[in-house]
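Chain by chain, the residues:
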Amino acid sequence: MKKNPTVELKLPILKDMELVATHTSDVVAKHMNLSEEKSAEISMALIEACINAFEHSETKEDIYIHFIISDENLTIKVIDKGVGFDASAIELPNIDQKITDERKRGWGLMLIKELMDKVDYESDNTGTTLTMTKNKKTDE
Amino acid sequence: MKKNPTVELKLPILKDMELVATHTSDVVAKHMNLSEEKSAEISMALIEACINAFEHSETKEDIYIHFIISDENLTIKVIDKGVGFDASAIELPNIDQKITDERKRGWGLMLIKELMDKVDYESDNTGTTLTMTKNKKTDE
Amino acid sequence: MSSITGKSIRDGIVIISTEGYFNKDLGEALKAVADEEIKNGHKNFLINLENSKIVNSIGASILIEIIEDLQSMDGSLNFCNLAPIIAKTFKIMGLTKYCETFENEDAAIAKLA
Amino acid sequence: MSSITGKSIRDGIVIISTEGYFNKDLGEALKAVADEEIKNGHKNFLINLENSKIVNSIGASILIEIIEDLQSMDGSLNFCNLAPIIAKTFKIMGLTKYCETFENEDAAIAKLA
Ligand SMILES: Nc1ncnc2c1ncn2[C@@H]1O[C@H](COP(=O)(O)OP(=O)(O)O)[C@@H](O)[C@H]1O
Ligand SMILES: Nc1ncnc2c1ncn2[C@@H]1O[C@H](COP(=O)(O)OP(=O)(O)O)[C@@H](O)[C@H]1O
């Protein structure tokens, strides 16, 4: 089996560093001939994934991002060495509630799920790996 | 001693992948408040460094790029696991000669040297590491 | 990288323009300007995002704070010149239930004024 | 990503415009167009790089091939709308010794025609 070409990125936790990830995904998406629409959706999901890894991992350790290129799709892994969490226990937000809620945030997971074709979290107290996939073909 | 924040990139040898590196350096340069001029010079040097690692390393192995951020400068390492070469033996090109020469290429090393503040090659038959630095302050 | 680039008032609508990554900082800068204009008695706002091509959910959350403030005074928050991905993001979040979006400033003013 | 976006002839000068990364492919595409126009009897060329913000030395080397061809027939290769880093790259390479560069098409035509 041939190994899929993979771009890997290690990012320190610095302001706006998530933009390095989006610029990388843009070039990779272009290389794969993904549409601009898909490319923008990937970027947006990636921003949210990076911010979560930066903010919620509660570590100062670098994060890792892998872009795995295949003929059918682009798979992105966002890996932090942080405290972990139970993604299935996170309630998805609702705008009507958020308008009156004290806490307005909590949109990242929802956006990632809506913008990508497949999303999976593996997480324990040694860290979190988010694996998300965008298919080349639109299957709506 | 505090470790300098470092962005690391692993790139497979694919068409135009050097643009991933330039987009990364752009965001890093912005983060460091480098001028647009310096940022563009870094990008250009990086393109040449990546193309050399892709082309001349004579391997199919991924290349590694490290962006090391400090208060005074940005240091970039471009690492390939290729055949190596003797940088001191490479003659710098001359346009008058190139106009009539069969081989028009051979500008990468010269451009890298002119565009960066410090350039160093370490190379043997296990690969090449190009280390190049751009200072924040202009010292001309 | 991110900043407020303009503020003007047209037919009673406060128009605020931004530039660059719409992140937490830019969201907070926008809220500060909106708060000030609310104090000045304004309650209808149009945010021109033409030069902000990218947003994050932290920036977008701050917009919900502005919506909450304006709701209590029967005001409105509106947007124009949204990049497709920002329009999509606002739609997924449900912001479009509380805000109108327009092609450009003229279309917005024609409807809102 | 990279392409020739236009070709026109003004006062006997062949103007060729490009878009995107000026890499090997775009250099070769440009050379093919130039070769064709040389066959048609033209010998003065203006390359408008307004929409190519980035170049590599392989693309630039192909320009030297075009210069060589034009030298033998007393023709000229000229550039306009260069991004600062491209102007700098051409200067380091010494291309500017063999080519003139101009602010824009009008300035080039005024001088060359
Ligand atoms: N990489 C991560 N590590 C630890 N916790 C996480 C991670 N990603 C998300 N979470 C948890 O999931 C919650 C919801 O995340 P999200 O929907 O992105 O909203 P927000 O980041 O605004 O809180 C976070 O508040 C956090 O508790
Ligand atoms: N990473 C590398 N590994 C092996 N050889 C290299 C490497 N970088 C440069 N070289 C050698 O140096 C020469 C000059 O490189 P350069 O100035 O970039 O011009 P060009 O790539 O057009 O030949 C190359 O032809 C090659 O022999």
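Description of the structure in this document.

Thresholds applied
- Residues numbered from 1 in each chain as written.
- Chains lettered and ligands numbered in written order.
- Predicted model: local features only at pLDDT ≥ 70, side-chain atom pairs only at ≥ 80, totals over all residues.
- Heavy atoms only, no water.
- Contact = heavy atoms within 4.5 Å.
- Buried area = accessible area lost by both parts, 1.4 Å probe.
- Salt bridge = Lys/Arg side-chain N within 4 Å of Asp/Glu carboxyl O.
- Polar contact = N/O pair within 3.5 Å; in protein donor to acceptor, adjacent residues only side chain to side chain.
- Helix = DSSP H or I, 4+ residues; strand = E, 2+ residues; numbered from the N terminus.
- Nonpolar A, V, L, I, M, F, W, Y, C, P; charged D, E, K, R; others polar.
- Pairing = 2+ DSSP bridges.
- Axes fitted to C-alpha atoms, helices over the stretch in contact; angles between N-to-C directions.

## Some points on the interface of chain C and chain A
Right, so step 1: Counting residues at the interface gives 23 residues for chain C and 25 residues for chain A.
Right, so step 2: Taking both partners together, chain C and chain A bury about 2200 Å²; carbon and sulfur atoms supply 69% of that area.
Right, so step 3: Two residues, A:E37 and C:K88, come together in a salt bridge whose shortest N-O distance is 3.9 Å.
Right, so step 4: Counting across the chain C and chain A interface gives nine residue pairs in polar contact (both at pLDDT 80 or more).
Right, so step 5: Considering every element that reaches the side of chain C that touches chain A, the biggest residue donor is helix α2 (residues 57-71) of chain C, with seven residues.
Right, so step 6: Here the residues of the side of chain C that touches chain A sort into 12 nonpolar, six polar and five charged.

## Regarding the side chain of B:S70
Right, so step 1: Assignment of secondary structure puts B:S70 in the loop between β2 (63-69) and β3 (73-80).
Right, so step 2: Only 3.2 Å separates the side chain of B:S70 from the backbone nitrogen of B:E72, close enough to count as a polar contact.

## What about the environment of C:F90?
All names here are of chain C.
Right, so step 1: Relative to the helices and strands, F90 resides in helix α3 (residues 84-93).
Right, so step 2: F90 sits 35 residues away from V55 along the chain, and the two C-alpha atoms are 9.9 Å apart.
Right, so step 3: Each residue touching F90, except ones within four places of it in the same chain, is listed here: L49, A60, L63, F79, L82, L95 and T96.

## Some thoughts on the sheet that holds strand β3 (residues 73-80) of chain A
Right, so step 1: Pairing within the open sheet is antiparallel, and its 10 strands lie in the order β4(A)-β5(A)-β3(A)-β2(A)-β1(A)-β1(B)-β2(B)-β3(B)-β5(B)-β4(B). The open sheet has two free edges, formed respectively by β4 (118-124) of chain A together with β4 (118-124) of chain B, since each of these has just one partner strand. Averaged over neighbouring strand pairs, the angle between their axes works out to 10° when direction is ignored.
Right, so step 2: Here β2(B) pairs with β3(B) via six bridges, running antiparallel. From the neighbouring strand, B:Y64 faces β3(B), where its bridge partner is B:I79.
Right, so step 3: Lying over the sheet, helix α4 (residues 108-115) of chain A contacts β4 and β5 (127-135) of chain A, oriented at roughly 140° with respect to β4(A).
Right, so step 4: Across the sheet, helix α4 (residues 108-115) of chain B is in contact with β4 and β5 (127-135) of chain B; its angle to β4(B) comes to roughly 140°.

## Let's talk about the sheet that holds strand β3 (residues 44-51) of chain C
All names here are of chain C.
Right, so step 1: A sheet is described by the order of its strands in space; here five strands give the open sequence β1-β2-β3-β4-β5, paired in mixed fashion. With one partner strand each, in any of the chains shown, β1 (3-10) and β5 (100-102) form the two edges of the open sheet. In this sheet, adjacent strand axes meet at a mean angle of 25° when their direction is disregarded.
Right, so step 2: Where β3 lies against strand β4 (residues 76-80), five bridges are found, and the strand directions are parallel. Looking at the pairing, I47 lines up with F79 of β4.

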